[in-house]
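Fold and geometry: a report
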2 protein chains.
Amino acid sequence: MALEEPLTDSVAFLLAKLGQLATLRFAEGLAPLGLRPRHCAVLGLLAAGPAMSQLELANRIGVTSSVVVEMLDELQVLGALRRIRDTTDRRRQLTELTPRGTTLLRRATRLTRKIDAELLAQLDPGRAAELSFTLGELAKAHELPGH
Amino acid sequence: MALEEPLTDSVAFLLAKLGQLATLRFAEGLAPLGLRPRHCAVLGLLAAGPAMSQLELANRIGVTSSVVVEMLDELQVLGALRRIRDTTDRRRQLTELTPRGTTLLRRATRLTRKIDAELLAQLDPGRAAELSFTLGELAKAHELPGH
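So, here's what we can say about the structure. (Residues numbered from 1 in each chain as written. Chains lettered and ligands numbered in written order. Predicted model: local features only at pLDDT ≥ 70, side-chain atom pairs only at ≥ 80, totals over all residues.)

1. Topic: the sheet that holds strand β2 (residues 81-85) of chain B
Residue and element names in this part refer to chain B. Here three strands make up an open sheet; going across it, the order is β1-β3-β2 and the pairing antiparallel. Looking at the sheet topology across the chains shown, the edges are occupied by β1 (52-53) and β2. Pairing analysis gives two bridges linking β1 to strand β3 (residues 93-97), with the strands arranged antiparallel. Counterpart to Ser53 in the pairing with β3 is Leu94. (Pairing = 2+ DSSP bridges. Helix = DSSP H or I, 4+ residues; strand = E, 2+ residues; numbered from the N terminus.)

Below you can see the structure in the form of structure tokens.
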């Protein structure tokens, strides 16, 4: 009945389980800030560039417009962003980060460093750096948000 | 406004996103078999050892008893397992894999190999093996199911 290589040794299974763990830690750490993991890609995109339309955000993050609207509403309640009119096209609404949004993103970023340190505590620094680099390559290859 | 190292470059974020991708691919591939990703840890545990009680399964997988009961009910409907009485303690109910369960696990395992090949297609074999090894170490360090 033995299977040559157990399913739990596959990269797919390992990524799924470690991803769950990372998301759980991230969600726990973000909760006191009023943030959820899914908000962070939005904050990151808005911090990196100029004000963006909802459609641009939805395309970049890879979610539907209605999900983006929901996330923007939640972030606006936190005072993390504001909606402004596009000066070149008055019908178009853009979203930009507020100083509060920048502060929240900075805290979330610091939190990910803390979680990384905990997750990778048992690896020597060279292997941890190698892992980080390889995961970044995979994210690029599969066109994940921010990569 | 630039943040030194974007949050999306953290290992936590990368694991979360790649984990979502792996889970999605796994769920899509399992659906025609009537299985869900969470069933696979149960099938794997039952295939690896002797019949187990619900409590043992719950402890090994790291979920509550009620979640295990739900999963066992779903797997029993698929004909993947049967519940038997412990011959040394008649009050105790054990669960064991049926031949159908073994077949389903074999198919799920083959599926994870296919997903791994797709996920890792852009990495050279040495780096893919290194990644697999390092993720296995992390799974052990954080006591994930099957590790």
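From this point, the discussion proceeds with the structure in view.
2. Examining the sheet that holds strand β2 (residues 81-85) of chain A
Residue and element names in this part refer to chain A. Taking strand neighbours across the sheet as the criterion, the three strands line up as β1-β3-β2 in an open arrangement whose pairing is antiparallel. At either margin of the open sheet sits one strand with a lone partner, and together these are β1 (52-53) and β2. In the sheet, β2 pairs with strand β3 (residues 93-97) via five bridges, with the strands oriented antiparallel. Along β3, the bridge assignment pairs Arg82 with Glu96.

3. Describing the interface of chain B and chain A
Contact with chain B, which involves 56 residues of that partner, is made by 56 residues of chain A. At the level of elements, α1 (11-30), α2 (37-48), α5 (99-119) and α6 (125-141) of chain B are the ones that each hand at least two residues to the side of chain B that touches chain A. Looking at the side of chain B that touches chain A residue by residue, the classes come out as 31 nonpolar, 16 polar and nine charged. (Contact = placed C-beta atoms within 7 Å. Nonpolar A, V, L, I, M, F, W, Y, C, P; charged D, E, K, R; others polar.)

4. Observations concerning the relation of the copies chain B and chain A
For the pair chain B and chain A, the best superposition has an RMSD of 0.0 Å and corresponds to a rotation of 180° with a translation of 0.0 Å parallel to the axis. Overall, the copies show the geometry of a two-fold rotation axis. Considering only C-alpha atoms, the part of chain B nearest the rotation axis is B:Gly19, at 2.2 Å. Residue by residue, 100% of the interface of chain B is reproduced at the interface of chain A, so both copies engage with the same surface. (Least-squares fit on C-alpha atoms with pLDDT ≥ 70 in both.)

5. A few points about the packing of helix α1 (residues 11-30) of chain A against helix α5 (residues 99-119) of chain A
Residues and elements named next belong to chain A. At a minimum axis distance of 10 Å, the contact between α1 and α5 shows a crossing angle of 140°. The orientation of α1 with respect to α5, classified from their angle, is oblique. Helix-helix and strand crossings are classified by hand; for α1 and α5 the assignment is right-handed. Each of Ala22, Arg25, Phe26, Gly29 and Leu30 in α1 lies in contact with α5, whose residues at this interface are Ala108, Leu111, Thr112, Ile115 and Leu119. (Axes fitted to C-alpha atoms, helices over the stretch in contact; angles between N-to-C directions. Parallel < 35°, antiparallel > 145°, perpendicular 65-115°, else oblique. Left-handed = near helix turned anticlockwise from the far one by under 90°.)

This is a description of form; function is not addressed.
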